[in-house]
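Chain by chain, the residues:
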Amino acid sequence: MISADHLERQLRTIIDGNRILPPQPSIPVKITVFPENEQQIGELVKWATKDRITLLPLGGGTYIFPGIEDLHVAISLTKMNHKIEHVSEDLIATVPAGMTFKEVQADLSSHGQMIPLDQPGKHVSTIGGIVSANVSGPSRHRYGTARDWVIETRLINADGEAVKSGAKVVKNVSGYDLNKLYIGARGTLGILTHISFKLAPIPESTVTFRSCYNSLTDAYALTHLIRREYLDIEKMVIIKGKWTPGKAKHWWVLIEISGSENGLKPQIEHLSKLHDQVEVRRWNITSKEDSQHFWNVACNREKSDDSVPKEDIWEVRMVLPKRELLPFLVDLSILGEMDASFNILPTSGICTIGIAGKESTVTDTLNSIIKEVKVKKGWVEFVKMPPDSNFERWPILPPSFPWMQKIKREFDPNNIFAPGTFIGGI
Ligand SMILES: Cc1cc2nc3c(=O)[nH]c(=O)nc-3n(C[C@H](O)[C@H](O)[C@H](O)COP(=O)(O)OP(=O)(O)OC[C@H]3O[C@@H](n4cnc5c(N)ncnc54)[C@H](O)[C@@H]3O)c2cc1C
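Residues numbered from 1 in each chain as written. Predicted model: local features only at pLDDT ≥ 70, side-chain atom pairs only at ≥ 80, totals over all residues. Heavy atoms only, no water.

Trainee: What am I meant to see in the overall build of the protein here?
Mentor: Across its full length, the protein carries 13 helices and 19 strands. Intrachain contacts of the protein at a sequence separation of at least 6 include 69% that bridge at least 24 residues. For the protein, the accessible area works out to roughly 20,300 Å², and carbon and sulfur atoms hold 51% of it. With 50 positive and 50 negative side-chain charges, the protein shows a separation of 2 Å between the mean positions of the two kinds. (Helix = DSSP H or I, 4+ residues; strand = E, 2+ residues; numbered from the N terminus. Contact = heavy atoms within 4.5 Å. Areas by Shrake-Rupley, 256 points an atom, 1.4 Å probe, with all protein chains shown as cover. Lys, Arg positive; Asp, Glu negative; His and termini not counted. Charge placed at Lys NZ, Arg CZ, Asp CG, Glu CD.)

Below is the structure:
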């Protein structure tokens, strides 16, 4: 059992004392350090390897889950947050992993460019955390995920060395594309220090359509119609409950289209006609200011609901083959009785279900979700759950799991990077 005092004494030989702090309450480590450069991270990793110390790469700390046991040291990247290298003519930027997504987007937007990923729930989320969590939102419809936009990474590996993968050109890889492995690795393969992205131009104008339906099937009908049309859709999501302002009991579809001022007009007319073809309760086009509020709630960026105790909040994200998602959700009639919330990306087959309740009251529902998703060869992740729950965070292991274990052993032979925190206890 290594104490925080012992760790602090050791750490002071590598890093200045004022860069060593006790952890925030929600971060499952004994102590946090804030290195200033790659060299310090390299030294920390070499020390950890030698003394079998476990490390948690840390950004804004919004998406950290406890592992099998507490880790020793969190390496926070948030002081390594200086200077974006932006080559606007090439639509490419290299960003320090500790910089917040919000700051990066603000900087790039002054050049009319953006990293076309969704701003996550919290504004403290860092580039390194976003890439390592690899969660996507309504923009996935058009832009895909981080895997489509990251072209180069720098990572401190288990030997404490900085390794570069990919290159700052669009055809950026010869051989295996290691970047793809680091994206979504949740800090288990090394510590990302810099990430280069392809960028997208910010659309000249956008308009949001908001429509409301009695049933999920009606809401889906609109999204099916739209998919066959030639429209410049930026974002699309189906939501119900806590992901709508006012916690609506009906199903909503939010769609953002983009274009030049002139190019938008025919699209607006066309999309309006499509709305008139389906069983809609009501629909409207919202102003830019109003729509921001709807998108914020749909992306879970508004204040959390304090009326529900934290230990009773469950969020289960699942992915199914696209054609299977609607029938699966319609069959989950039990959820109607439970007042569940839904956040669905219909063109990706991804759905997050939010349920409030004590474990004893939600266990049957959660087990039936897991069972059905397994039958349909999808996967499930518990994004929010009480800390002492009996559920596995990733209850379905993919057939490739043994290969994942081998990769982890190869990249992190001493098991120092966030051990026990990822799928199957990797
Ligand atoms: C539309 C949308 C809505 C979302 N809403 C929410 C929400 O409401 N609540 C929520 O909790 N999440 C939400 N997310 C998930 C979101 O992606 C993460 O919360 C966020 O990206 C994590 O950023 P962070 O800096 O806080 O990372 P952290 O929480 O610090 O880290 C996240 C993971 O990445 C690893 N990591 C961090 N930095 C590095 C690094 N430099 N190198 C290697 N590994 C690293 C950590 O070890 C950890 O496993 C949402 C995402 C999207 C796209």
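Once the structure has been displayed, the description carries forward.
Trainee: How should the side chain of Ser 125 be read in this particular structure?
Mentor: Tracing the backbone through its elements, the reader meets Ser 125 in the loop between strand 7 (113-114) and helix 4 (127-133). Apart from residues lying up to four places away in sequence, Ser 125 is in contact with Thr 62, Met 99, Thr 100, Phe 101, Pro 120 and Ile 130.

Trainee: Looking at this structure, how should I read the layout of surface pockets?
Mentor: Here the idea is plain: a probe the size of a water molecule rolls over the atoms and shows the empty space left. Roughly 800 Å³ of volume is contained in the second largest pocket. Lining of the second largest pocket is provided by 31 residues; of these, Gln 105, Met 114, Lys 235, Gln 292 and Arg 301 occupy positions nearest its centre. Of all the elements in the fold, those that place two or more residues in the lining of the second largest pocket are helix 3 (101-109), strand 12 (205-213), strand 13 (233-241) and helix 9 (288-298). Partitioning the lining of the second largest pocket into residue classes produces twelve nonpolar, eleven polar and eight charged. Each of domain 1 (1-202) and domain 2 (205-298) contributes no fewer than three residues to the lining of the second largest pocket. (1 Å grid on protein atoms, 1.4 Å probe; cavity = no way out; pocket = protein on both sides within 12 Å on 5 of 7 lines; lining within 4 Å. Points joined across faces, edges and corners; volume = space filled by probe spheres on them. Nonpolar A, V, L, I, M, F, W, Y, C, P; charged D, E, K, R; others polar. Domains from an automatic or database assignment.)

Trainee: Sorry, what's going on with the domain arrangement of the protein here?
Mentor: It is common to give the size of an interface as the accessible area lost on bringing the parts into contact. Taken domain by domain, the protein comprises domain 1 (1-202), domain 2 (205-298) and domain 3 (310-384). Counting residues at the interface gives nine residues for domain 1, matched by seven residues for domain 3. Taken over both partners, the interface formed by domain 1 and domain 3 buries close to 610 Å², and the fraction arising from carbon and sulfur atoms is 50%. At the surface where domain 1 touches domain 3, the tally comes to four residue pairs in polar contact (both at pLDDT 80 or more). Residue composition of the side of domain 1 that touches domain 3, grouped by class: four nonpolar, three polar and two charged. (Buried area = accessible area lost by both parts, 1.4 Å probe. Polar contact = N/O pair within 3.5 Å; in protein donor to acceptor, adjacent residues only side chain to side chain.)

Trainee: It is not clear to me how the side chain of Ser 76 should be interpreted in this structure. Could you clarify?
Mentor: Structurally, the position occupied by Ser 76 is in strand 4 (residues 71-76). For Ser 76, a relative accessible area of 2% corresponds to the buried category. In terms of polar contacts, Ser 76 uses its side chain to reach the side chain of Thr 78, at 2.7 Å. Leave out the neighbours within four places in its chain, and Ser 76 touches Thr 32, Val 33, Phe 34, Pro 35 and Leu 58. (Buried < 20%, exposed > 50% of the residue type's maximum accessible area, 1.4 Å probe, protein only.)

Trainee: Would you mind showing me how to read the pairing of strand 16 (residues 313-319) here?
Mentor: Residues in a regular strand point their side chains to alternate faces of the sheet. Taken across its seven residues, strand 16 has six buried, putting it largely inside the fold. Looking at chain direction, strand 16 and strand 18 (residues 350-356) are connected through seven bridges and run antiparallel. When the sheet's bridge partners are listed, Trp 314 is paired in strand 18 with Ile 355. Pairing geometry for strand 16 and strand 19 (residues 379-384), over five bridges, is antiparallel. Of the residues in strand 19, the one forming a bridge with Val 319 is Trp 379. (Pairing = 2+ DSSP bridges.)

Trainee: I'm lost on empty space enclosed by the protein in this one. Help?
Mentor: Within this structure, the stated rule accounts for one cavity of 30 Å³ or more. When its volume is computed, the largest cavity comes out at roughly 50 Å³. Ser 132, Leu 155, Tyr 182, Ala 185, Arg 186, Gly 187, Thr 188, Leu 189, Gly 190 and Leu 192 are the residues that line the largest cavity. Of the residues contributing to the lining of the largest cavity, the split by class is five nonpolar, four polar and one charged.

Trainee: Looking at this structure, I do not really get helix 12 (residues 359-375). What am I missing?
Mentor: Between its first and last C-alpha, helix 12 extends 23 Å over 17 residues, near the 24 Å set by a 1.5 Å rise per residue. For helix 12, the complete set of buried residues consists of Val 362, Thr 365, Leu 366, Ile 369, Ile 370 and Val 373. Of the residues one or two after helix 12, Lys 377 is the one with positive phi, at around 65 degrees. (Expected span 1.5 Å × (residues − 1).)

Trainee: When you look at the site of the ligand in this model, what are you seeing that I'm missing?
Mentor: Lining the immediate environment of the ligand, one finds 31 residues, of which Pro 57, Gly 60, Thr 62, Tyr 63 and Thr 126 sit closest. Within the contact set of the ligand, an oxygen atom lies 2.7 Å away from a backbone nitrogen or oxygen of Pro 57. Coverage of the ligand by the protein amounts to 94% of the 960 Å² it exposes when considered alone. In terms of residues, the shell around the ligand owes the most to one element, helix 4, which gives four residues. (Near = heavy atom within 4 Å.)

Trainee: Whenever I open this one, unusual backbone geometry confuses me. Can you help?
Mentor: In terms of backbone geometry, most residues other than glycine have negative phi values and most peptide bonds are trans. You will see that Leu 91, though not glycine, has its phi angle at about 55 degrees, which is positive. Structurally, the position occupied by Leu 91 is in the loop between strand 5 (85-87) and strand 6 (92-96).

Trainee: Is there a simple way to explain the sheet that holds strand 1 (residues 20-21) in this structure?
Mentor: Read from one edge to the other, the open sheet built from four strands follows the order 1-2-4-3, with strand pairing classed as mixed. The sheet terminates laterally at strand 1 and strand 3 (55-58), the two strands that pair on one side only. Pairing of strand 3 with strand 4, which is carried by four bridges, proceeds in the parallel orientation. For Leu 58, the partnering residue across the bridge sits in strand 4 and is Ser 76. Sheet strands touched by helix 1 (residues 4-11): strand 1, strand 2 (29-33) and strand 4. Its angle to strand 2, the strand with the most contacts, is close to 25 degrees. (Axes fitted to C-alpha atoms, helices over the stretch in contact; angles between N-to-C directions.)

Trainee: Sorry if this is basic, but what is going on with helix 8 (residues 261-276) here?
Mentor: An α-helix turns once per 3.6 residues; consequently, residues spaced three or four apart project the same way. Compared with an ideal rise of 1.5 Å per residue, which puts 16 residues at 22 Å, helix 8 spans 23 Å between its outermost C-alpha atoms and is within 8% of the ideal. Buried residues along helix 8 sit in contact with strand 12, helix 7 (216-227), strand 14 (248-259) and strand 15 (282-286).

Trainee: Looking at this model, I keep getting lost on the confidence of the model for the protein. Mind explaining?
Mentor: The predicted coordinates of low-pLDDT regions are not to be read in fine detail. Taken as a whole, the protein shows an average pLDDT of 92; of its residues, 96% reach a score of 70 or greater. Of all helices and strands in the protein, the one with the weakest mean pLDDT is helix 11 (residues 333-337) (62), whereas strand 7 scores best (98). (pLDDT = per-residue confidence, 0-100.)

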